[in-house]
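Examining the three-dimensional arrangement
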Amino acid sequence: MTTTRSKVVYSPVFTDGAEFRIPTFKLLKQDGSLYKGAKAPALDKDKALRIYRTMVTTRILDERMLAAQRQGRLSFYMQCTGEEAAVIGSAAALDDADMIMAQYREQGALAYRGFTIDEFMNQLFGNELDYGKGRQMPVHYGSKKLNYMTISSPLATQIPQATGYAYGQKLAGEGNCTITYFGEGAASEGDFHAALNMAAVQRVPVIFLCRNNGYAISTPAAEQFAADGVAPRAYGYKMDVIRVDGNDVLAMHEATRAARSLAVEHNRPVLIEAMSYRLAAHSSSDDPSGYRSKDEEAVWREKDPILRMRLWLERKKWWSEDDEKQLQETMRREVLETMKRAQKRPPPPLESLVSDVYDEVPPVLAEQFEKLKAHIRRYPDAYPKSAEHAKGGA
Amino acid sequence: MTQMNMLQAINNALDTAMAADERVLCFGEDVGVFGGVFRATSNLQQKYGKARCFNTPLVEQGIIGFANGLAAQGSVPVAEIQFADYIFPAFDQIVNESAKFRYRSGNLFNVGGLTIRAPYGGGIAGGLYHSQSPEAYFAHTPGLKIVVPRNPHQAKGLLLGAIHDPNPTLFFEPKRLYRASVGEVPDEDYRLPLGEAEVLKEGTDVTVLGWGAQMEVIEQAVDMAEKDGISCEIIDLRTILPWDVETVANSVFKTGRLVVTHEAPLTGGFAGEIAATIQERCFLYLESPIARVTGMDTPFPLVLEKEHLPNHLKVFEAIRSSVDF
């Protein structure tokens, strides 16, 4: 049985899809005013300020932690700089019980949910309070209580998982959805296509949020795909799609709010393509000067999403110069003090090397662990992080 | 007790699990109304509805990615890969995701509810791509469990054990036995333990170890050896990962000899891991080198399948050589 309903022609007719030009949804101009004809979104003062504070906090955290990496305090870091509106504006449109399955640059979504600076620091320094028990590189956060799935380095693997997670939510009838974030580079992976197709076929309440930030490490979007961005792919799967100015926090919030309603109330998965720019390097190990110009960066620095929201808040008299100064000072101090505390905490215990591989340590692994402890006891000076822990046991 | 073949036993296990817990879901290519290309999921959609037993698009990485998400959410997915030969598009989701979900999150999240079923092994004239035994690739991945049943009774009990085990489990079904292996299967819900080998027959001269369809081959070879007066101890490993070193080592302490057989190629095969571990454990007790009787280091052939496979004659020869060393 074919599902294609198509009119018949009698000479070869090719089509390149050019008729499907996807518009970009915008509400907010860079000067903080609304576009003519743009409808102000339903966003109360408290929520607007919570979004703004989270954006500023994320920016400060990123600046401070990149500096810490440069000082050698931290092995690795990844900034969200330039994409705060895309991440936090969308996350703020969700219910707290909705699952977030992110790529790795979405710390702002986690901060919005209430992850504390202390919790961020414990993961970054992999200390004994890190929920991930010091097993993953910095920025691989996760929180069960905040419904934020632990980050996994392999790209795009979270996308079909989000489809599956959301299918489970649909069966459970909880009235919740899953949102998954990924970059335009990750959208080239097979997992992306599998995920969108399966979600459309099964009518799963999932939101696919593509952060089209222009670069996959050094590869520009123009070398990633020939098409008009990632959005047109949704047509191929018969999925609702919207392209949004990713530096426009109001548009991101409104688009995600509407997408969530399609997903949860109508079981229609949605693809959102947020057009933005990765102002920072890919990671602390990357140097963009090798593949893009300062001029190009300057153009996007002018479109700073945080400044754009601040100007809107100021126009509404919800924010002032003093408020800004106070927030900046408070957050900088908190980040610095919290970092110092987290850095001093001890590493996770030696047992965390073998726990959680399975629900219980299997005999073969238990034997390896006993051998390791005996070895460490013979060479305690070579293993300063665990010599104390190795004293226990056989 | 009911007389069943292995397919019926597997179908019965899935039916049992779905009846007991509405979070159990079965899906994969053609598993819906058709009941799977081998009919292992027959009637499950009719009985439990399209939401719990359904066809997926033809995309193995999507099937396992979807299953990982479902398991993380708290569902109990039983995902089918139509042939183990086609599991490789899902290798990343299994090796980097399923296996590491619990560890990398510090046990905040896990996909312990996940079971992946796949028909596996040769002997059905399936050629390169309907015959492979890929257990060794996955045995190199901590976090996974790998189970292979030898008959219908074991298939139902081990599959229910796998579904209820709190760790992601690969369940490889020797498809040569699907209809060929018939036996009495209890009607109730029973679960056989994972990680435990089973001594099927006690003996004193040599230990012969295998899993899945090789157990039938071993039994034929042992019949021949016993006629020559060789007393063989037969062990079914049942779980490849994590494997039961104690049972195997205790047997070799007694017999002093070990023959391991599997269909997969020799180099990098799981027999190598067993041989290395047992020589370390039992070095002073060994009377002869540990023998491996396996498929050859070639892709799986078609017309010369019989020559390629480690049949009862090859296993018998290895038993003889081990005793005569």
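Residues numbered from 1 in each chain as written. Chains lettered and ligands numbered in written order. Predicted model: local features only at pLDDT ≥ 70, side-chain atom pairs only at ≥ 80, totals over all residues.

1. Looking at the confidence of the model for chain B
Of the residues in chain B, 100% have a pLDDT of 70 or more, and the chain-wide mean is 98. Scored by ipTM, the complex comes to 0.97, with pTM at 0.97. (pLDDT = per-residue confidence, 0-100.)

2. Concerning the interface of chain B and chain A
With 37 residues of chain B at the interface, the matching set in chain A holds 36 residues. Listing elements by their share of the side of chain B that touches chain A, those giving two or more residues are α3 (60–73), α4 (91–97), α5 (101–104) and α9 (245–255) of chain B. The leading source of residues in the side of chain B that touches chain A is α3(B), at ten residues. Among the residues forming the side of chain B that touches chain A, the class breakdown is 14 nonpolar, 18 polar and five charged. (Contact = placed C-beta atoms within 7 Å. Helix = DSSP H or I, 4+ residues; strand = E, 2+ residues; numbered from the N terminus. Nonpolar A, V, L, I, M, F, W, Y, C, P; charged D, E, K, R; others polar.)

3. Points about the packing of helix α2 (residues 84–91) of chain A against helix α8 (residues 249–266) of chain A
Residue and element names in this part refer to chain A. It is at 8 Å that the axes of α2 and α8 come closest, and there the two elements cross at 40 degrees. Taken together, the axes of α2 and α8 lie oblique to each other. Two packed elements cross with a definite hand, and for α2 against α8 that hand is right-handed. On α8, the residues that touch Ala-85, Ala-86, Gly-89 and Ser-90 of α2 are Val-249, Met-252, His-253 and Thr-256. (Axes fitted to C-alpha atoms, helices over the stretch in contact; angles between N-to-C directions. Parallel < 35°, antiparallel > 145°, perpendicular 65-115°, else oblique. Left-handed = near helix turned anticlockwise from the far one by under 90°.)

4. With respect to the domain arrangement of chain B
Residue and element names in this part refer to chain B. Domain annotation of chain B identifies domain 1 (2–185) and domain 2 (198–324). For domain 1 and domain 2, the distance between their C-alpha centres works out to 26 Å. Counting residues at the interface gives 24 residues for domain 1, matched by 21 residues for domain 2. Taken together, the elements giving at least two residues each to the side of domain 1 that touches domain 2 come down to α6 (135–139), β6 (145–147) and β7 (169–174). Here the side of domain 1 that touches domain 2 is built from residues that sort into 13 nonpolar, seven polar and four charged. (Domains from an automatic or database assignment.)

5. Remarks on the domain arrangement of chain A
Looking at the assigned domains, one finds that chain A contains domain 1 (24–218 + 226–344) and domain 2 (350–391). Just the C-alpha atoms count here: the centres of domain 1 of chain A and domain 2 of chain A sit 38 Å apart.

6. Concerning the nonpolar core
Core analysis: the largest hydrophobic core is formed by 194 residues, its most contacted members being A:Ile207, A:Ile272, B:Val259 and B:Ile319. In contact with A:Ile272, other than residues within four places in its own chain, are A:Ile207, A:Phe208, A:Leu209, A:Cys210, A:Ile242, A:Val244, A:Ala255, A:Thr256 and A:Ala259. (Core = buried A, V, L, I, M, F, W, Y, C linked by C-beta atoms within 7 Å. Buried ≥ 20, exposed ≤ 12 C-beta atoms within 10 Å, placed from the backbone.)

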